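Letter by letter, the chains look like this.
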Amino acid sequence: MPSCIHCGAHFEDSSAARCARCGMPHQGGVPGGTGQPVGTTAYGYVRVGPTILPQWLLWLVAALLAAGGVTVYVLLHSSSSEASQQTVDTLSSATPSPGSDPYSVPPTDPYSVPPTDTYSVPPTDLYSLPPTDLSTPTATETTTSPVEDASATVREFYQAINDRAFSAAWELGGKNIGGSSYSSWVAGYDTTVSISLSAVNTDSPGKASAVLYATQRDGSVKEFQGTYTVSDGVIVSADISER
């Protein structure tokens, strides 16, 4: 019984144009005298499982795989070559050229700098400077005698009372002649409108005498005679009596 040269199936119907199993054209079965058993593949074909493939297709697949491997090898080899070349270029750029010898620069001779002649500077003759007249005062100092200080302090004291600046008058001597209580001393001037000095005489250094007229709120005027002792611009004691 003839068989298909592709899949080896027996042809039950010898008049069929194609194999009932694989669909290949009927070519008369296995050639006589080849010794190929029934059910084997024909010459030039290879069985892969239940499939019959031509050998040229397998060679084509093998050639494609080989070509792909060669392509991958070439790509990898070219990539490694480029990386090696970049490394060589980097090292070559960092390596100084033979002509650039850092030790070829001539050293600077410190002894070639011309020395400075310190003796060429003309000395300063201290004796040629014009003398300074220390006996001539540069400014006129104004001094105030203790007598003038005493009279000025007495006037300033009563002016502060007229201005109602009792705290300033207290510091100018009120604390020494007005008792120990600031409030009681200030209250003693409640009925006094103003105080005028007719004259301030200087008896001796640090002392002054004055005649005072104290105008009251009711229009009356009280007259006082006072003697004051002044030290460092402050009234330290006073003897005041009504006339």
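Cut-offs and rules
Position numbers for residues count from 1 along each chain, tracking the sequence in the order it is written. Local features are withheld for residues below a pLDDT of 70 in this predicted model, meaning they are given only at 70 or higher, and side-chain atom pairs are given and counted only at 80 or more; totals for whole chains, interfaces and linings count all residues. Side-chain metrics rest on all non-hydrogen atoms present in the structure, leaving aside hydrogens and water. Helix and strand definitions follow DSSP, with helices as H or I runs of at least four residues and strands as E runs of at least two, each counted in order from the N terminus. Only protein chains enter the accessibility calculation, which uses a 1.4 Å probe; a residue is then buried when its area is under 20% of its type maximum, exposed when over 50%, and partly exposed in between. When DSSP finds two or more bridges between a pair of strands, those strands are recorded as paired. All axes are obtained by fitting lines to C-alpha atoms, using only the stretch in contact for helices, and the reported angles, taken between N-to-C directions, cover 0 to 180 degrees. Note on definitions: a residue-residue contact is assigned when non-hydrogen atoms from the two residues lie within 4.5 Å.

Chemist: Even after reading the chapter, I still don't get the overall build of the protein, so can you show me in this structure?
Modeler: A tally of regular secondary structure across the protein gives four helices and six strands. In sequence order, the secondary structure elements of the protein are arranged as β-β-α-α-α-α-β-β-β-β. For the protein, buried positions account for 19% of its 243 residues.

Chemist: Help me understand the sheet that holds strand β6 (residues 234-242), please; the structure alone is not making it clear to me.
Modeler: Strands in a sheet are paired, the pairing made by backbone hydrogen bonds, and the direction either parallel or antiparallel. What the four strands build is an open sheet, ordered β3-β4-β5-β6; its pairing is antiparallel. Of all the strands in the sheet, just β3 (192-201) and β6 have a single pairing partner and so form its edges. Taken pair by pair, the neighbouring strands of this sheet meet at an average axis angle of 30°, ignoring direction.

Chemist: I tried to follow the side chain of Thr192 on my own but got confused; where do I start?
Modeler: Residue position: Thr192 is located in strand β3. You can call Thr192 buried: its relative accessible area is 8%. Residues within four places of Thr192 in sequence aside, it is in contact with Arg164, Ala214, Thr215 and Gln216.

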